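Each chain is listed here by its residues.
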Amino acid sequence: MPTWTHIPIMAGEIAEMILTNPNGTYMDGTLGLGGHTRYFLTKLDSKAAVFGFDKDEQALQMARQNISDVRLKTFHASYIQAPELLKTQGVEHVDGILLDLGLSSYQLDNPERGFSILNNGPLDMRFDLQNSLTAAVIVNTWPLEELIRILTDYGEERRAEPIALAMMRARKDKPFTTTQELAKLIETVVPRRGKNHPATQTFQALRIACNGELEAVEQGVRVLPELLKPGGRMAVLTFHSLEDRIVKNTFKKLAQSGTWRLVNKHALVPTYDEVRQNRRARSAKLRVIERVS
Ligand SMILES: C[S@@+](CC[C@H](N)C(=O)[O-])C[C@H]1O[C@@H](n2cnc3c(N)ncnc32)[C@H](O)[C@@H]1O
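Residues numbered from 1 in each chain as written. Predicted model: local features only at pLDDT ≥ 70, side-chain atom pairs only at ≥ 80, totals over all residues.

Some remarks on the environment of Met234
So, point 1. Mapped onto the elements, Met234 comes out in strand S5 (residues 228-238).
So, point 2. Overall, the presence of 29 C-beta atoms within 10 Å leaves Met234 in the buried class.
So, point 3. Along the sequence, Met234 and Met17 sit 217 residues apart, while their C-alpha atoms lie 8.9 Å from each other.
So, point 4. Once you skip the residues sitting within four places of it in the chain, Met234 turns out to touch Ile97, Leu224, Pro225, Leu228, Val288 and Ile289. (Helix = DSSP H or I, 4+ residues; strand = E, 2+ residues; numbered from the N terminus. Buried ≥ 20, exposed ≤ 12 C-beta atoms within 10 Å, placed from the backbone. Contact = placed C-beta atoms within 7 Å.)

The structure is reproduced here in structure tokens:
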């Protein structure tokens, strides 16, 4: 089995902004392979605690292998379940929260998970393998209008209708089972533009739909700031404009209430050096909010 890695993005900046109490209690809502949390633990003292959540049990197993530290406790759960799960641990409030949205490199690079356009694999795309909704179920069974809606809303794909029609025609002959079958079909409908593969927007749309990603972000950024202690901070890293818009608008509303304040007025982005070393950092945007009372 290959060794998967994921380079945590803007880890130094995030640690500096959210680790306000060296012996505090923290929540990593998207633990992944544990890159950020491992770094945070090097900055925290012995009485600190980090509660790590992920919907992906395989990622959690790797995180636990990568970090053997009694200060970390993990949960196979969505970050939106954090308030109730933290309560079971006697935790009502935390000093800092991180959401690093989207996919880990492990999920993207491992063809078996079905997120990769270039490496063939089953058309899966689930973060949580216990869920029954796969990308294959969506492309093989969802009605035309729903396919057009997700391609438009979640993929911002201008050719949503011709792609959806092509999917409907192709699935009549033979249901889609692999990422390559779908990618090849889309190549016949969408001309290659620039560096991105023609199926990039469609894969993004399917992944978001399959995992209910935008609904989770909307709920997460609305509800999780309530968990912060006064002076506590929540950082959110996003990788596309749909997510960033939700975070930006929700944080703005929270700041208007007076209970929270925006730590940075505009989104922060990685340095040129970081993007040069890690191409996946290129679209990252960081927003941070602080609870004031
Ligand atoms: C970009 S990765 C996180 C990488 C991590 N920060 C690191 O440095 O290794 C995003 C992770 O969030 C997880 N995820 C996505 N939506 C989630 C949700 N609603 N609740 C919990 N985990 C989620 C994914 O399974 C994935 O492992």
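Structural notes on unusual backbone geometry
So, point 1. The phi dihedral of Met125 is positive, around 70 degrees, even though this residue is not glycine.
So, point 2. Along the chain, Met125 falls in the loop between helix H5 (105-109) and helix H6 (135-141).
So, point 3. Since 25 C-beta atoms lie within 10 Å of it, Met125 is described here as buried.
So, point 4. Positive phi, normally seen in glycine, also occurs at Glu156, with a value near 50 degrees.
So, point 5. With respect to the helices and strands, the residue Glu156 is situated in the loop between helix H7 (144-153) and helix H8 (160-173).

Examining the nonpolar core
So, point 1. In terms of nonpolar packing, the biggest core is built from 51 residues, with Ile14, Ile97, Met234, Ala235, Val236 and Leu237 touching the most fellow members.
So, point 2. Counting residues in hydrophobic clusters, the runner-up holds 28 residues, among them Leu147, Ile150, Met167 and Leu206. (Core = buried A, V, L, I, M, F, W, Y, C linked by C-beta atoms within 7 Å.)

Overview of the site of the ligand
So, point 1. Around the ligand, 22 residues are found, and the nearest of them are Pro8, Thr30, Gly32, Gly35 and Asp56.
So, point 2. At the level of secondary structure, the elements contributing two or more residues to the shell around the ligand comprise helix H2 (35-43) and strand S2 (49-54).
So, point 3. When grouped by side-chain class, the residues that make up the shell around the ligand number 8 nonpolar, 10 polar and 4 charged. (Near = placed C-beta within 6 Å. Nonpolar A, V, L, I, M, F, W, Y, C, P; charged D, E, K, R; others polar.)

Remarks on the sheet that holds strand S1 (residues 25-28)
So, point 1. The strand order S3-S2-S1-S4-S5-S7-S6 describes an open sheet built from 7 strands, whose pairing is mixed. Strand pairing shows two members of the sheet lacking a second neighbour, strand S3 (72-76) and strand S6 (260-262), which therefore form its edges. Within the sheet, the average angular offset between the axes of one strand and its neighbour, ignoring direction, is 15 degrees.
So, point 2. Here S5 runs beside strand S7 (residues 285-291); their pairing, made up of 6 bridges, is antiparallel. Paired with Ala235 across the bridge in S7 is Val288. (Pairing = 2+ DSSP bridges. Axes fitted to C-alpha atoms, helices over the stretch in contact; angles between N-to-C directions.)

Describing helix H10 (residues 200-211)
So, point 1. With 12 residues, H10 extends 17 Å between its outermost C-alpha atoms, agreeing within 8% with the 16 Å of an ideal straight helix rising 1.5 Å per residue.
So, point 2. When you tally the buried positions in H10, you get 11 out of 12 residues, the bulk of the element.
So, point 3. Listing the buried residues of H10 in full gives Gln201, Thr202, Phe203, Gln204, Ala205, Leu206, Arg207, Ile208, Ala209, Cys210 and Asn211.
So, point 4. Taken together, the buried residues of H10 touch H6, H7, H8, helix H9 (179-189) and helix H11 (213-223).
So, point 5. Among the residues trailing H10, Gly212 stands out with phi positive, at a value near 55 degrees. (Expected span 1.5 Å × (residues − 1).)

Some points on the pairing of S1
So, point 1. By the alternation rule, side chains of S1 split into Thr25 and Met27 and Tyr26 and Asp28, which are all buried.
So, point 2. Relative to S2, S1 is paired through 4 bridges, and the arrangement is parallel. For Thr25, the partnering residue across the bridge sits in S2 and is Ala49.
So, point 3. Viewed along the sheet, the connection from S1 through H2 into S2 turns out right-handed.
So, point 4. One ladder, built from 3 bridges, connects S1 with strand S4 (residues 94-100); its direction is parallel. (Right-handed = clockwise from strand over helix to strand, strands pointing away.)

This is a description of form; function is not addressed.
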